[in-house]
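Working through the structure, step by step
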Amino acid sequence: MIRAYRVWRLGDDNSLMGVMWVIGQTWPIGTHEALCNNIHLAPDECCTCGLYACKTLERAEAYAHAVGGKAVYGEVILWGKICEGEYGYRAQYAQVSAL
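On a predicted model such as this, the values are computed, not experimentally measured, just so you know. (Residues numbered from 1 in each chain as written. Predicted model: local features only at pLDDT ≥ 70, side-chain atom pairs only at ≥ 80, totals over all residues. Heavy atoms only, no water.)

**Describing the overall build of the protein**
Condition: Here a strand is any run of E in DSSP of at least two residues, a helix any run of H or I of at least four, and the numbering for each starts at the N terminus. The reference for a compact globule is 2.2 Å times residues^0.38; the radius of gyration itself is calculated from the C-alpha atoms. Relative accessibility decides the category of a residue: with a 1.4 Å probe and only protein chains considered, values under 20% of the type maximum give buried, values over 50% give exposed, and everything between is partly exposed. We call two residues contacting when some pair of their heavy atoms lies within 4.5 Å. A residue counts as positive if it is Lys or Arg and as negative if it is Asp or Glu; His and the chain ends are not included. Here the site of a charge means atom NZ of a Lys, CZ of an Arg, CG of an Asp or CD of a Glu.
Broken down by element type, the protein carries 1 helix and 6 strands. Helices (α) and strands (β) of the protein occur, in sequence order from the N terminus, as β-β-β-β-α-β-β. For 99 residues, the compact-globule formula gives about 13 Å, and the C-alpha radius of gyration of the protein, at 13 Å, lands near that figure. C-alpha atoms of the protein, sized along the principal axes, occupy 35 × 25 × 20 Å. Looking at the 99 residues of the protein, the share that counts as buried comes to 37%. Relative to all contacts within the protein whose residues are 6 or more apart in sequence, the contacts with residues 24 or more apart total 61%. Charge-centre separation for the protein: the mean point of 8 positive side chains lies 2 Å from the mean point of 10 negative side chains.

And the structure:
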């Protein structure tokens, strides 16, 4: 498991709406599983699929300021298959642990 940081926008009903990769997707309470339109397990090294998260709180804060409006950021726990990038991760599973 990896602790990372993610940004959302608050929906009209205060739900968490994705702003990283799949924009406007509602994040469920509990475990969120990445899916891909291609036929492979998400994430995949040859694709851009997966649940995105930043490595550092500072990067998530900067991203939230760039999103503006009703942006919020928080900590997520990532597990399953994980692809690491320079500034963050793409994961198979994620769950919000703190806002």
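**Overview of the packing of aromatic side chains**
For clarity, the cut-off: Here is the rule: rings of Phe, Tyr and Trp (six-membered ring for Trp) pair when centre to centre is within 6.5 Å. Planes less than 30 degrees apart are stacked, more than 60 are edge-to-face, and the remainder are tilted. Two conditions define a charge sitting above a ring: the NZ of Lys or the CZ of Arg must be within 6 Å of the ring centre, and it must be within 35 degrees of the ring normal.
Overall, the coordinates contain 2 aromatic pairs when judged by the stated rule. On the numbers, 5.7 Å between centres and 15 degrees between planes, the contact of Trp 79 with Tyr 93 is stacked. Residue Trp 79 is located in strand β5 (residues 71-84), and its partner Tyr 93 is located in strand β6 (residues 88-98); the two are separated by 14 residues in the primary sequence. Lying across the ring of Tyr 89, Lys 55 places its NZ or CZ 5.7 Å from the centre. Its end group placed over the ring of Tyr 87, Arg 59 keeps NZ or CZ at 3.7 Å from the ring centre.

**Looking at the nonpolar core**
To keep things clear, this is the line we draw: Throughout this description, the term nonpolar core refers to a set of buried Ala, Val, Leu, Ile, Met, Phe, Trp, Tyr and Cys residues connected via side-chain atoms within 4.5 Å.
Counting residues in each nonpolar core, the largest one holds 15 residues, and the members touching the most others are Ala 4, Trp 27, Val 76 and Leu 78. Put simply, the parts of the chain that give this core at least two residues each are β1 (2-10), β4 (51-54), β5 and β6. Among the elements that take part in this core, β6 stands out by supplying 3 residues, more than any other. When residues no more than four places from it in sequence are discounted, the contact partners of Trp 27 are Arg 6, Trp 8, Leu 16, Gly 18, His 32, Leu 51, Ala 94 and Val 96. Val 7, Val 19, Ala 60 and Ala 64 belong to the second largest nonpolar core, which has 5 residues in total.

**A closer look at the pattern of salt bridges**
Heads up, the condition is: The term salt bridge refers to a pairing of a side-chain nitrogen on Lys or Arg with a carboxyl oxygen on Asp or Glu at a separation within 4 Å.
Overall, the coordinates contain 4 salt bridges when judged by the stated rule. Measuring nitrogen to oxygen at the nearest pair gives 3.7 Å for the salt bridge that ties Glu 45 to Lys 81. With Glu 45 in the loop between β3 (32-33) and β4 and Lys 81 in strand β5, the pair connects residues that are 36 residues apart, well separated along the chain. Ionic contacts of the salt-bridge type, sharing partners, join the residues Asp 44, Glu 45 and Lys 81 into one network.

**Thoughts on unusual backbone geometry**
Cis geometry marks the peptide bond from Ala 42 to Pro 43; its omega dihedral reads 0 degrees. Located in the positive-phi region is Asn 14, a residue other than glycine, with phi close to 65 degrees. By the secondary structure assignment, Asn 14 is in the loop between β1 and β2 (16-18). For Asn 14, a relative accessible area of 57% translates into the label exposed.

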